[in-house]
Amino acid sequence: MSEHTGAYPRIRPRRNRRGPAIRDLVRESAVTPGDFILPVFVHDEGGGPQEIASLPGVMRHSLGSVIEAAQEAWELGIPAIAPFPKVADGKKTIDGREAWNDDGLMPQIIRGVKQVCPDMLVIPDVALDPFSSLGQDGIVEDGVILNEATIDALVKQSLCQARAGADLVAPSDMMDGRIGRIREALDEAGFDQVGILAYSAKYASCFYGPFRDALDSAPRGGADKKTYQMDPANTDEALHEVALDLAEGADMVMVKPGLPYLDVLWRVKQHFKRPTAVYQVSGEYAMLKAASMNGWLDERSAVLEALLAFKRAGADAILTYYAADAARWLREG
Ligand code: PBG
């Protein structure tokens, strides 16, 4: 016998669902354009934006078109943009040194966006994979990612991004101890107002496939990403990673991917109650897009439902390739 026996017919949950007004009144979560961070891919090959086969509707921008995209997003109420550079193969090396070239693609993107949208938050990715000839997030030696040497490189990359005007830096590499070292280096260089959005619980996921197509950054040997990204089977470990990043000075933490890891997002938010972002990754976008293109899902409803799920699970910020579309849909009401 349930404890509710006898409650009905006095208690009728459907009363709170009987029309749009009462549903508005009792709704617990909402998603708004102000929650979004728009990830963008940018190439340096000259010419205009390029299509990405496994991400229909997402562009590999040119320096010119990414600035337009930023402005459009800002006007839609999206407060932040997260650029990812696609550099030519000729600029990729074992040590990824192009990552801290002050005249490189990323600093140009940051300066370009800040010039046109000075108040928009620019949150560049900190990791070596777009610059690594092996597609690895760190420096490889004898099949091992060297933690210390990689942190030294990530510190140089973060300082380079801060000099270009980044508002927050977002280390997505999963090296141990990098948040503390980056925080210390930023402070020493006078960038105490530059924040850190830490990819804290980043899993070794197959859902990153289309992203690696976009940047041509698929691992080409050297090491296994499972030696730094987390095992999809673990959630206690996510709390450990988040605790460390917060202790080292992260301003916001992130769980990635999104929908398949809602339990992790929920636990992180419940446990720490700190600003928490979630990344609806490229594979999640591709699934929603493919089903929508086949007429199997209503795109707008499916996307807004998935984004709402992130808010319900505790996300404060959502990185999504759907940011501009979703902002438009939300505006239309
Ligand atoms: C790498 C990085 C990846 C993503 C963001 N930063 C891929 C990877 O770790 O191999 C994936 C994002 C996505 O799939 O949308 N530093």
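Located above this text is the structure these notes cover.
Quick caveat: nothing in here was measured; it's all calculated off a predicted structure.

The rules we used
In every chain, residue numbers begin from 1 and rise along the written sequence. Residue-level local features of this predicted model are given only where pLDDT is at least 70; pairs of side-chain atoms are given and counted only at 80 or more, and the full residue set underlies all totals for whole chains, interfaces and linings. The basis for every side-chain value is the complete set of non-hydrogen atoms in the structure, without hydrogens or water. Any residue with a heavy atom lying within 4 Å of a molecule or strand is counted as near it. Pairs of N or O atoms are called polar contacts if they sit within 3.5 Å, as long as, within protein, a hydrogen donor faces a hydrogen acceptor (for residues adjacent in sequence, only side-chain-to-side-chain pairs). Calculation of accessible area relied on Shrake-Rupley with a 1.4 Å probe; when residues are assessed, cover is drawn exclusively from the protein chains displayed. The pocket and cavity definitions rest on a 1 Å grid over protein atoms only: a 1.4 Å probe that fits but cannot leave marks a cavity, an open set with protein on both sides within 12 Å along at least five of seven lines marks a pocket, and residues lining either have an atom within 4 Å of a point. Placement in a cavity or pocket follows one criterion, namely that more than half of the molecule's atoms lie within 2 Å of its grid points. Residues are grouped as follows: Ala, Val, Leu, Ile, Met, Phe, Trp, Tyr, Cys and Pro are nonpolar; Asp, Glu, Lys and Arg are charged; all remaining types, including Gly, are polar. Helical segments are the DSSP runs of H or I of at least four residues, strand segments are the runs of E of at least two, and each set is numbered from the N terminus. The contact definition used throughout considers only heavy atoms, calling two residues in contact when any of these lie within 4.5 Å. Each aromatic pair joins two rings of Phe, Tyr and Trp (for Trp, the six-membered one) with centres within 6.5 Å, and gets the label stacked for planes under 30 degrees apart, edge-to-face for over 60, and tilted for any other angle. Using a 1.4 Å probe on the protein chains alone, a residue whose accessible area is under 20% of its type maximum counts as buried, one over 50% counts as exposed, and one in between counts as partly exposed. We count a charge as sitting over a ring when the NZ of a lysine or the CZ of an arginine lies within 6 Å of the ring centre and within 35 degrees of the ring normal. Grid points are joined across faces, edges and corners, and a volume is the space filled by probe spheres set on the points.

## What about the site of the ligand?
Step number 1: Near the ligand there are 18 residues, and of these R212, K225, K256, S282 and Y321 occur at the shortest range.
Step number 2: One of the side-chain nitrogen or oxygen atoms of D129 is found 2.9 Å away from a nitrogen atom of the ligand.
Step number 3: Across the complex, the protein chains shield 100% of the 400 Å² of accessible surface that the ligand would expose by itself.
Step number 4: For the ligand, the cavity whose grid points lie within 2 Å of the majority of its atoms is the largest cavity.
Step number 5: Class assignment of the residues belonging to the shell around the ligand gives a composition of eight nonpolar, three polar and seven charged.

## Things to note about the environment of A214
Step number 1: Tracing the sequence through the fold places A214 in helix α6 (residues 209-215).
Step number 2: Taking C-alpha positions, A214 is 27 Å from D119, a pair spaced 95 residues apart along the chain.
Step number 3: In contact with A214, not counting residues within four places along its chain, are F41, I52, L55, R60 and K86.

## Quick word on the packing of aromatic side chains
Step number 1: This structure, assessed with the given rule, holds ten aromatic pairs.
Step number 2: Each ring, one from F41 and one from F84, has its centre 6.2 Å from the other, and the planes form 45°; the classification is tilted. Linking F41 in strand β1 (residues 36-43) with F84 in strand β4 (residues 80-86), this pair joins segments that are 43 residues apart in sequence.
Step number 3: Judged by centre distance (6.2 Å) and plane angle (40°), the rings of Y322 and W329 are tilted. Summarising the burial analysis for this pair, Y322 and W329 share the class buried.
Step number 4: Here a set of aromatic residues connected by ring pairs shows up, and it is made of F41, F84, Y199, F211, Y279, Y285, Y321, Y322 and W329.
Step number 5: For the cation-ring pair, K256 lies above Y208, with the distance from its terminal atom to the ring centre recorded as 4.5 Å.
Step number 6: Cation over ring: K256 sits above F211, and NZ or CZ is 5.9 Å from the ring centre.

## A short note on empty space enclosed by the protein
Step number 1: Here the structure, examined in full by the defined rule, presents two cavities of 30 Å³ or more.
Step number 2: Considering only enclosed or pocket space, the largest cavity measures out at about 130 Å³ in volume.
Step number 3: Within the lining of the largest cavity, the residues separate by chemical class into seven nonpolar, four polar and seven charged.
Step number 4: In this structure, the second largest cavity spans a volume of roughly 30 Å³.
Step number 5: Taken together, A82, F84, I123, P124, D125, A170, L197, Y199, M254 and L319 form the lining of the second largest cavity.
Step number 6: Mapped onto the lining of the second largest cavity, the elements with two or more residues apiece are β4 and β10 (195-202).
Step number 7: Looking at the lining of the second largest cavity residue by residue, the classes come out as nine nonpolar, no polar and one charged.

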